[in-house]
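This is what each chain is made of:
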Amino acid sequence: MSQSSATNSEDGSKRTNNESVAVDSVIDFKGKHFGLESTSEDSDDYLVSGSEGTMIDVERFCHADYRIEQYAHSVLDFSSQYGIDLSISYTAPNITGRPSKYPEYGDFPQTFAMRTYGAWWDRAPSRLKEIQPQNVSEIPAEDFIAKTWICLWEDKEFYTKPLYIPSRARRFTPPLKRIQLPTKTIRLEFNHQRLHYYTEIDAVLLSGKKFNTRNMQHLLDYYERQRKGSILCKLQNMKFRPICRDNYQNRLQHFLMHDLDKFISVLSDVQIQSIQHQQQQQVQSPSTDEIKISKIGLKNMPFEIMLKIFSYLDLKSLFRVGAVSRFLYDVSTHPLLYSELNLKPYWHLASTELLSTLAKRATILKKLDMSWCGCTVQTISPTEFKKFIQQRGDSLTHLRLNSTKFLNASCIDTLGIVCDNLKELSLRNCSPSPPLLNFSCLANLKNLERLDLFQTVIESDLLLTMLENNPKLKHLNLAFCSVAVNMDDVAQHIAKYNKQLISLDMWKAHFLSAQGLLVLSNCHNLEEIDFGWCLREASLGDSLREFLTQCTKLKKLFLAAVRGLTDRDLEYIANLCPNLEQLDLMGVLGISKERYIDILQKCAKLQLLDLCFCDNIMDYDVALWSRTFKVDIKSCQVPNDFR
Amino acid sequence: MHSLGRSSKLISRRLLCSRFSALLEAATHVISNSAGHRSRPYFISVVCGFPKDFQTSNYKPGKYGEDSWFKTSTPNADVLGVADGVGGWRIYGVDPGEFSSFLMKTCERLVHCVDFNPQRPVNLLSFSYCELLEQEKPIIGSSTACVLVLDRENSTVYTANLGDSGFVVVRKGRIFHKSEEQQHCFNTPFQLSLPPPGCHHRVLSDSPHSANTLSFPVLVGDVILLATDGVFDNIPETLLVETLKEVEGVTDPVKLQMAANSLAAIARALSFDKDFMSPFAINARRNNIYTTGGKPDDITVFSLVGQSISEGAVGSCKASSGIKRVLRAFDPHNLLFEQDFQYYGDTKRQSFNYTVYISLANMNHNLDVSFIPCLYYKHRDNAYEAKIMTKT
């Protein structure tokens with residue numbers, strides 16, 4: 001029995017369709033034990049849970065004497081965090097160790113918060129369309145021998161169950177699936193779709209039984225036997241044993257060739273009869289035509305219809321259905337089915353072999369999403385990826401490589417050279433450990449409409465060249481982009497070359513000043529802008545007014561922690577943004593109440609207003625306003641006593 | 001010293017009427033447990049202090065009024081710091097202690113980060129200051145700060161000092177090193193600050209990189225006093241040295257704690273003495289301000305003695321001698337009071353790290369502040385009962 005509890009965390013753990021809200025983090029529990037005075041010093045403690053089911057061998061090896069509790073030792077990888085990389089506030093490493101703040105409730109920089117909440121980002125103009133929509137949701141655990149991931153828990157009723165979030169710190173303890181394997185790495189996936197506001201996670205505790213390392217060798221041997229290959233493994237586990245006679249192969253062939261059709265028709269006759277039974281009152285005598293029709297099976301369908309049917313299948317089902325018969329294999333390997341590929345739900349299965357198989361089938365590949373693939377274990381080699389891109393990359397229009405760890409400089413080079421038709425390139429959180437990735441070949445791309453460099457280190461010059469080369473750019477995400485980039489220069493380039501820009505995210509991108517804001521007013525098409533934590537100056541002067549006068553289409557305006565905002569600026573927002581739907585004014589001080597009311601009155605389309613940490617506002621004001629204006633107003637009442 | 005006696009009565013009375021859960025933090029004794037048999041330096045460190053006004057400030061660990069302090073250690077370094085929040089923010093409706101407290105707390109967390117460099121305490125200050133900018137809840141205020149790091153690798157102390165807090169190193173009865181005060185003008189120290197919107201031009205703000213840095217090798221037996229301006233403004237240097245040279249080379253944290261206590265008490269007493277010609281008053285006169293008497297302020301005193309241990313049997317012997325120490329500390333002074341002990345074991349690191357908070361809330365006799373015994377540390381496995389009584 002093992003349990004994982006994320007203290008102070010949200011009870012929603014399901015992968016979502018949208019990248020902007022799906023966040024994962026991989027946490028490593030190294031062999032450090034805190035709750036127990038242990039006798040063994042150096043050896044790692046692997047977590048083992050008692051098993052129920054088939055593999056009884058394991059139980060014999062496990063010592064089930066006492067439970068062990070482990071706090072996370074390190075964070076191996078994560079896809080989103082609220083704080084910037086160099087900081088220690090709201091960043092992922094805060095999840096390690098004992099809880100520092102639980103059971104206190106409030107906003108604490110000592111915890112791990114993620115970038116988004118709720119469905120607000122999906123309603124913004126910059127929302128993404130899913131490539132090949134599929135759904136998988138899991139908390140897999142890494143088994144250290146076989147290097148596969150096992151889902152420990154998933155929330156199946158996520159969208160159906162009523163959500164009640166009390167205003168206090170919570171322990172979230174999902175009932176985990178029992179696994180036989182010792183583990184020390186877990187991966188948490190969070191679905192933010194139904195979150196009310198930012199949720200902070202303090203610590204992750206994994207508890208289970210201590211695994212006796214002396215018996216490790218037995219276990220290793222056991223799993224070595226298991227690993228011999230999936231088919232052999234399956235056969236070993238299968239209870240069915242065919243009775244082997246002399247020419248059984250011929251018999252099988254004979255059955256397949258002659259009897260299968262009969263078998264199917266008999267089956268369909270039975271169905272027909274049952275239907276007839278139902279319809280007996282209405283139709284007395286079944287016509288022969290009906291029976292004829294009933295004999296048409298899946299096999300007799302036109303190829304196009306089969307394709308259409310198969311296009312609703314997800315990747316896993318496609319591969320499985322291909323194993324049924326030659327005909328179905330032919331259909332299931334048709335290139336049209338593979339024009340869009342989303343490997344993100346299968347990140348734990350993505351391997352070099354899968355890539356080479358897909359390379360054969362996906363000859364007209366247009367959209368590819370390989371986010372999270374090969375994230376902790378190197379299952380995809382850079383050379384194989386390069387080969388894949390060289391073979392299939394020339395027609396590619398959409399490419400998402402978020403949080404992939406196998407990318408190296410030559411991969412990016414190949415991307416830049418081969419994929420010159422790219423319209424969308426997403427390289428979120430893509431900085432490998434040698435931080436300076438040679439992105440220079442990306443300057444070849446000329447047709448980009450969406451560029452996402454969230455949390456990716458990029459050189460200033462290259463970014464400027466890319467902006468210059470891609471005049472059609474519509475969506476640009478530079479949130480958390482490296483500190484070295486001077487955002488004022490970027491703003492100037494955008495104003496000069498990318499006038500069609502619709503959305504721009506500069507969240508926590510430092511060094512954007514009021515001057516940059518002023519220049520950006522040349523992009524009249526802007527609908528979404530995120531200046532959170534930028535504009536650190538004391539006062540914005542007239543730049544915000546200028547910007548708002550020019551960009552009248554604004555739907556989303558995020559000015560979180562722009563501390564220089566004044567009453568005057570808020571007046572401009574109220575008067576100049578009739579289309580505003582989302583407004584974030586978190587942590588803005590010294591604004592009078594009338595200005596907020598002004599905004600609520602004049603921005604009729606407003607749906608979201610974030611007023612956390614703003615002073616001069618009382619609880620009952622917020623309650624009253626959200627009732628009268630039908631606006632979702634966020635205001636966190638943090639106890640004064642912060643420390 | 002009769003003024004001291006008078007004011008110590010005052011303090012005791014204040015202790016009685018105030019609702020502090022604790023006043024004194026006893027020594028944190030950290031023994032490095034990293035591998036290797038060579039001797040490694042460490043600090044015996046104790047802290048003591050008083051808020052200026054007991055009525056307005058709530059007690060929190062790591063804070064005396066607007067002063068804040070932290071001490072922590074890693075296998076490679078002992079790190080200590082004090083910060084003095086600038087009280088002027090109170091008129092803006094801002095708690096001046098919040099800024100300094102956050103600064104110190106963040107420093108403490110930063111020390112445990114992977115890329116902590118013991119030789120660059122300025123980075124500690126500047127990163128900590130940057131963290132302030134990253135807070136969702138705007139923290140407003142300003143503060144002076146002094147951070148002191150002992151690098152165990154080369155037995156060298158690295159310091160960064162911004163403003164008028166500071167440190168004094170006493171070796172062989174003489175001042176060996178002393179930090180410099182950084183002031184814009186009289187009584188206006190350098191400070192890190194985050195002003196509220198709209199008054200940037202009126203607020204002094206210094207970069208963390210303008211901090212004075214100093215590094216010097218430390219020997220076994222050296223005494224270092226790390227304190228806020230409440231101490232340096234009120235106690236003349238000669239008196240400081242006299243008190244500090246008493247504890248040169250002591251290995252008993254109790255003695256050190258008593259020295260720290262008496263320094264804090266002296267500073268407190270002198271700061272309320274209207275006739276005393278304090279260093280603050282002397283400085284004021286130099287700046288053509290006629291004044292006498294001390295400068296009432298929050299007081300934080302850190303006393304450190306450099307020690308070194310060879311790896312091996314130290315851990316167990318320290319742990320077992322805990323109770324004896326406590327009893328010895330109590331007996332001679334014939335005190336009568338109950339204390340609530342709370343043990344805060346830090347199991348994150350596998351070193352011995354004990355902090356004991358003593359509550360003086362139940363105290364029902366006047367006592368001489370300079371004799372408050374305060375060090376009780378004990379390994380948590382054989383932790384003894386929470387109440388200790390001694391009799392007259």
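First, a word on scope: everything that follows refers to the structure included in this document.

Conventions adopted
- In this convention, every chain numbers its residues from 1, walking through the sequence in written order.
- Both sets of labels track the order of writing: A upward for chains, 1 upward for ligands.
- Where local features are concerned, this predicted model is filtered to residues with pLDDT of at least 70; where side-chain atom pairs are given and counted, the filter is 80 or more; whole-chain, interface and lining totals use all residues.
- No hydrogens and no water enter the side-chain calculation; it runs on all heavy atoms of the structure.
- Numbered from the N terminus, helices here are DSSP runs of H or I no shorter than four residues, and strands are runs of E no shorter than two.
- Burial classes: relative accessible area under 20% of the type maximum marks a residue as buried, over 50% as exposed, and values in between as partly exposed (1.4 Å probe, protein chains only).
- Whether two residues are in contact is decided by their heavy atoms: any pair within 4.5 Å suffices.
- The accessible surface values rely on the Shrake-Rupley method and a 1.4 Å probe; as for residues, cover is taken only from the protein chains in view.
- Two rings from Phe, Tyr or Trp (for Trp, the six-membered ring) form a pair when their centres sit within 6.5 Å of each other. Planes less than 30 degrees apart are called stacked, planes more than 60 degrees apart edge-to-face, and all others tilted.
- Only lysine NZ and arginine CZ atoms are considered, and such an atom sits over a ring when it is within 6 Å of the ring centre and within 35 degrees of the ring normal.
- Take the buried residues of types Ala, Val, Leu, Ile, Met, Phe, Trp, Tyr and Cys, join any two whose side-chain atoms come within 4.5 Å, and each joined set is a nonpolar core.
- At least two DSSP bridges between two strands are needed for those strands to be called paired.
- Axis definition: a line fit to C-alpha positions, over the contact stretch in the case of helices; interaxial angles, taken between N-to-C directions, run 0 to 180 degrees.
- When a carboxyl oxygen of Asp or Glu is within 4 Å of a side-chain nitrogen of Lys or Arg, the pair counts as a salt bridge.
- Any N or O atom pair separated by 3.5 Å or less is treated as a polar contact, with the protein-specific requirement of one donor-capable and one acceptor-capable atom, and with residues adjacent in sequence counted only for side-chain atom pairs.
- Gly falls in the polar group here, along with every residue not listed as nonpolar (Ala, Val, Leu, Ile, Met, Phe, Trp, Tyr, Cys, Pro) or charged (Asp, Glu, Lys, Arg).
- Oblique is the label for any angle not under 35 degrees, not over 145, and not in the 65 to 115 range, which are roughly parallel, roughly antiparallel and roughly perpendicular in turn.
- Take the far helix as the reference: if the near one is turned anticlockwise from it by less than a right angle, the crossing is left-handed, and if turned clockwise, right-handed.
- Think of it as the arc spanned by the lines of direction from the helix axis to the C-beta atoms.
- Only residues above 30% relative accessible area that lack a salt bridge enter a patch, with like-charged residues linked at up to 9 Å and the nonpolar side chains Val, Leu, Ile, Met, Phe, Trp and Tyr linked at up to 5 Å.
- Two cysteine sulfur atoms form a disulfide, by the criterion used here, when they sit within 2.5 Å.

**What about the overall build of chain B?**
Then step 1. On a plain count of helices and strands, chain B comes out with 9 helices and 17 strands.
Then step 2. When burial is assessed residue by residue, chain B has 60% of its 392 residues classed as buried.
Then step 3. A sequence separation of at least 24 residues applies to 75% of the contacts in chain B between residues at least 6 apart.
Then step 4. Summing over all exposed atoms, chain B offers an accessible surface of approximately 16,100 Å²; the carbon and sulfur share of this is 52%.

**Considering the overall build of chain A**
Then step 1. Counting secondary structure elements, chain A contains 18 helices and 24 strands.
Then step 2. Buried residues in chain A amount to 53% of all 643 residues.
Then step 3. Nonlocal contacts in chain A, meaning residues at least 24 apart in sequence, comprise 80% of its contacts between residues at least 6 apart.
Then step 4. Of the roughly 29,600 Å² that chain A leaves accessible, carbon and sulfur atoms contribute 53%.

**Focus: the packing of aromatic side chains**
Then step 1. Under the defined criterion, the tally for this structure stands at 17 aromatic pairs over all chains.
Then step 2. Each ring, one from Y117(A) and one from Y198(A), has its centre 4.8 Å from the other, and the planes form 70°; the classification is edge-to-face. Of this pair, Y117(A) sits in the loop between β6 (112–113) and β7 (140–143) while Y198(A) sits in the loop between β10 (183–191) and β11 (200–201), and the two are 81 residues apart along the sequence.
Then step 3. Here Y117(A) falls in the buried class, since its relative accessible area comes to 1%.
Then step 4. A network of ring pairs unites the aromatic residues Y82(A), Y90(A), Y117(A), W121(A), Y197(A), Y198(A), W507(A), W533(A) and F558(A) as a single cluster.
Then step 5. Sitting above the plane of the F319(A) ring, R361(A) keeps its charged end 4.4 Å from the centroid.
Then step 6. Looking at R171(B), its charged tip hangs above the ring of F176(B), at a distance of 3.8 Å from the centre.

**Overview of the nonpolar core**
Residue and element names in this part refer to chain A.
Then step 1. Within the largest apolar cluster, 112 residues are counted, with the highest numbers of intra-cluster contacts made by M506 and L585.
Then step 2. With 5 residues, helix α12 (residues 460–469) is the single largest residue contributor to this core.
Then step 3. Sequence-distant contacts of M506, that is, excluding residues within four places in its chain, are made with L478, A479, M487, V490, I494, L512, D530, F531, G532 and C534.

**Structural notes on the environment of K555(A)**
Residues and elements named next belong to chain A.
Then step 1. Along the chain, K555 falls in the loop between α15 (543–550) and β21 (556–558).
Then step 2. Given a relative accessible area of 30%, K555 falls into the partly exposed group.
Then step 3. Taking C-alpha positions, K555 is 5.0 Å from E581, a pair spaced 26 residues apart along the chain.
Then step 4. If we skip the residues at most four places from it in the chain, K555 touches P125, E527, N579, L580, E581 and Q582.

**Description of the sheet that holds strand β19 (residues 503–505) of chain A**
All names here are of chain A.
Then step 1. Taken in spatial order, the 12 strands of this open sheet run β13-β14-β15-β16-β17-β18-β19-β20-β21-β22-β23-β24, and their pairing is parallel. Only two strands of the sheet have a single neighbouring strand rather than two, namely β13 (340–342) and β24 (632–634). For this sheet, the mean angle separating the axes of adjacent strands, direction not counted, is 5°.
Then step 2. Alignment of strand β15 (residues 398–400) against strand β16 (residues 424–426), held across 3 bridges, turns out to be parallel. Counted as the bridge partner of H398 is E424 from β16.

**Digging into the interface of chain B and chain A**
Then step 1. In this assembly, 24 residues from chain B lie in contact with 29 residues from chain A.
Then step 2. A salt bridge links K508(A) to E134(B); the shortest N-O distance between them is 2.9 Å.
Then step 3. The tally of links from chain B across to chain A stands at 10 residue pairs in polar contact (both at pLDDT 80 or more).
Then step 4. Only α2 (96–111) and α3 (121–133) of chain B provide two or more residues apiece to the side of chain B that touches chain A.
Then step 5. By residue number, the principal contributor to the side of chain B that touches chain A is α2(B), which donates 7 residues.
Then step 6. Grouping the constituent residues of the side of chain B that touches chain A by class yields 7 nonpolar, 5 polar and 12 charged.

**Overview of the pairing of strand β14 (residues 223–227) of chain B**
Residue and element names in this part refer to chain B.
Then step 1. Counting buried residues in β14 gives 5 out of 5 residues, a clear majority hidden from the surface.
Then step 2. Of the two faces of β14, both are covered, the one formed by V223, L225 and A227 as well as the one formed by I224 and L226.
Then step 3. Relative to β14, strand β8 (residues 166–171) is paired through 5 bridges, and the arrangement is antiparallel. Each bridged residue has a counterpart across the sheet, and for V169 the counterpart in β14 is I224.

**A closer look at the packing of helix α17 (residues 593–602) of chain A against helix α18 (residues 619–629) of chain A**
All names here are of chain A.
Then step 1. Two elements in contact, α17 and α18, have axes separated by 11 Å at closest approach and are oriented at 15°. The angle between α17 and α18 places the two elements in the roughly parallel class. Between α17 and α18 the crossing geometry is right-handed. Listed contacts from α18 to K593, Y596, I597, L600 and Q601 of α17 are D621, W625 and F629.

**A short note on the pattern of salt bridges**
All names here are of chain A.
Then step 1. For the structure shown, the criterion picks out 25 salt bridges over all chains.
Then step 2. A salt bridge links R115 to D505, with the nearest nitrogen and oxygen atoms 3.4 Å apart. Pair noted here: R115 is in the loop between β6 and β7 and D505 is in strand β19, with a separation of 390 residues, a long-range link. Judged on exposure class, the residue R115 and its partner D505 are both buried.
Then step 3. Measuring nitrogen to oxygen at the nearest pair gives 2.9 Å for the salt bridge that ties D530 to R115. Taken together, the residues D530 in strand β20 (residues 528–530) and R115 in the loop between β6 and β7 connect sequence positions 415 residues apart.
Then step 4. Through salt bridges with shared partners, a single ionic network connects E571, R595, D598 and K602.

**Some points on α18(A)**
Residues and elements named next belong to chain A.
Then step 1. What α18 keeps buried is the set D621, V622 and W625. Along the axis of α18, the buried residues cluster in a sector spanning 95°; they form a single face. Among the exposed residues of α18, those pointing more than 90 degrees away from its buried face are Y620 and R627.
Then step 2. Buried-residue contacts for α18 involve α17 and β24.
Then step 3. Directly after α18, the chain includes K630, whose backbone phi takes a positive value near 55°.

**A look at unusual backbone geometry**
Peptide bonds are mostly trans, and most non-glycine residues show a negative phi.
Then step 1. Positioned with a positive phi, Y90(A) is a non-glycine residue whose angle comes to about 60°.
Then step 2. Secondary-structure assignment places Y90(A) in the loop between β5 (74–78) and β6.
Then step 3. Positive phi outside glycine occurs at N187(B), with the angle close to 65°.
Then step 4. By the secondary structure assignment, N187(B) is in the loop between β10 (183–185) and β11 (188–189).

**Remarks on a nonpolar patch on the surface**
Then step 1. On the surface, L298(A), M301(A), I305(A) and I309(A) cluster together into a nonpolar patch covering about 320 Å² of accessible area.
Then step 2. Among the structural elements, M301(A) can be located in the loop between α5 (288–294) and α6 (303–310).

**Quick word on the state of the cysteines**
Each disulfide consists of a covalent bond between the sulfur atoms of two cysteine residues.
All names here are of chain B.
Then step 1. Going through the model one piece at a time under the given rule, you end up with 0 disulfides over all chains.
Then step 2. A disulfide-free cysteine, C107 has its sulfur positioned 11 Å from the sulfur of C146, the nearest such atom.
Then step 3. What makes C107 buried here is its relative accessible area of 0%.

**Notes on the packing of helix α9 (residues 352–361) of chain A against helix α10 (residues 382–392) of chain A**
Residue and element names in this part refer to chain A.
Then step 1. Axis separation between α9 and α10 bottoms out at 10 Å; the angle between their running directions is 10°. Accordingly, the angle class assigned to the pair α9 and α10 is roughly parallel. Facing T352, L355, S356, L358, A359 and K360 of α9, the residues of α10 in contact are E384, F385, F388, Q391 and R392.
Then step 2. Along the lines of polarity and charge, the residues of the contact of α9 with α10 split into 5 nonpolar, 3 polar and 3 charged.

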